[in-house]
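Structure at a glance
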Amino acid sequence: MRIGELAAAVGVTTRAVRHYHHLGLLPEPERRSNGYREYGLRHAVVLARIRRLTELGLGLAEVRDVLADDAGRELVEVLAELDEDLARQEEAIRERRERLGALMRHGVSAEGPLSPELTALFGEMAAGLESPMAAKDREMLALIETAAPPEERRRLLGVLRGAFEAPGALERAHEVYALLDALADADPADPRVDEAARAIADCLPDGLLPGGEVDGDTAFLRAFYADFAPAQAEAIRRTMRMVAERQRGSRA
């Protein structure tokens, strides 16, 4: 058989046959006097086995190991490892489908995809509200959920959920967003800056903001404050100072 005939008989491409030759999986026959390679039945048997093993999901390095063991003793071990790997993939796919299903049931926000918990919370926060500052708030929460370790994400979501379940919390949040939206073109010395800062601090639950320096000159803080108008940034800066002071007082 020529290479094309061998490939057609086993159901693979001639390119695959040449690749298996290159990797040493399939022995190359000697060239005949006419310059062509003549493949025999044994080549078809080995090639068919390579195809069966790859269709099971084995990588070519694993196929090489199996073929190298004439007695086939490694095959059971390799297939057991493959079965375990497929089980892990199956579980991961199941979890992803459950998450996708939850997202579709709760609706996908503009900041999504997010966890079902945060998606549901955003739905409550945005109910009947059109606020540029609320949109920024959701973006920041989405960033935190993505970047924070799993335990910290769960803690923050618990704090947020508890805060929004308090009576009047949603109305107060909407009032705060309105105060901040009104500072978009204001001067940082505007008296409304302090009013907004105090209103935000009263809304924020203890434990929501991380401890540490709020006036530091870190790259993240610079980028964070730069994303707001000057008066809005000043209000948020004052809020963080107030909350940090309150947290220090509660620990004293």
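Source: prediction; values computed, not measured.

Regarding the overall build of the chain
When its secondary structure is counted, the chain shows 12 helices and zero strands. The order of α-helices and β-strands along the chain, N terminus first, is α-α-α-α-α-α-α-α-α-α-α-α. Taking all 252 residues of the chain together, 33% fall into the buried category. Counting contacts in the chain only where the partners sit at least 6 residues apart, residues at least 24 apart contribute 56% of the total. By element, 54% of the accessible surface of the chain is carried by carbon and sulfur atoms, the whole surface being about 15,700 Å².

Details of helix H3 (residues 41-55)
Over its 15 residues, H3 runs 21 Å from end to end, which matches the ideal 21 Å to within 8%, given 1.5 Å per residue. Those residues of H3 lying buried are His43, Ala44, Leu47, Ile50 and Leu53. Looking one or two residues beyond H3, the residue adopting positive phi is Gly57, at roughly 110°.

Regarding the confidence of the model for the chain
The share of residues in the chain with pLDDT of 70 or more is 82%, and the mean pLDDT across the chain is 81. Across the chain, helix H2 (residues 14-23) holds the top mean pLDDT of 94, while helix H6 (residues 116-125) sits lowest at 70.

Some points on the packing of aromatic side chains
One pass over the full model with this rule turns up three aromatic pairs. When the ring of Phe224 is compared with that of Phe228, the centres are 5.3 Å apart and the planes differ by 75°; the resulting orientation is edge-to-face. In terms of burial, Phe224 and Phe228 fall into one category: buried. Residue placement shows Arg2 over the ring face of Tyr36; its charged tip is 4.1 Å from the ring centre.

With respect to the pattern of salt bridges
All chains considered together, the criterion is met by 10 salt bridges. For Arg192, the salt bridge is made with Asp190, and the minimal N-O distance between the two is 3.0 Å. Arg192 sits in the partly exposed class, given a relative accessible area of 36%. The shortest N-O distance in the salt bridge between Glu234 and Arg238 comes to 2.9 Å.

Considerations on the side chain of Thr239
With respect to the helices, strands and loops of the structure, Thr239 is situated in helix H12 (residues 230-251). The class for Thr239 is buried, based on a relative accessible area of 2%. Contact partners of Thr239, with chain neighbours within four places excluded, come to Ala197, Ile200, Ala201 and Leu204.

Thresholds applied
Residues numbered from 1 in each chain as written. Predicted model: local features only at pLDDT ≥ 70, side-chain atom pairs only at ≥ 80, totals over all residues. Heavy atoms only, no water. Helix = DSSP H or I, 4+ residues; strand = E, 2+ residues; numbered from the N terminus. Buried < 20%, exposed > 50% of the residue type's maximum accessible area, 1.4 Å probe, protein only. Contact = heavy atoms within 4.5 Å. Areas by Shrake-Rupley, 256 points an atom, 1.4 Å probe, with all protein chains shown as cover. Expected span 1.5 Å × (residues − 1). pLDDT = per-residue confidence, 0-100. Phe/Tyr/Trp six-rings, centres within 6.5 Å; stacked < 30°, edge-to-face > 60°. Lys NZ or Arg CZ within 6 Å of the ring centre and 35° of its normal. Salt bridge = Lys/Arg side-chain N within 4 Å of Asp/Glu carboxyl O.

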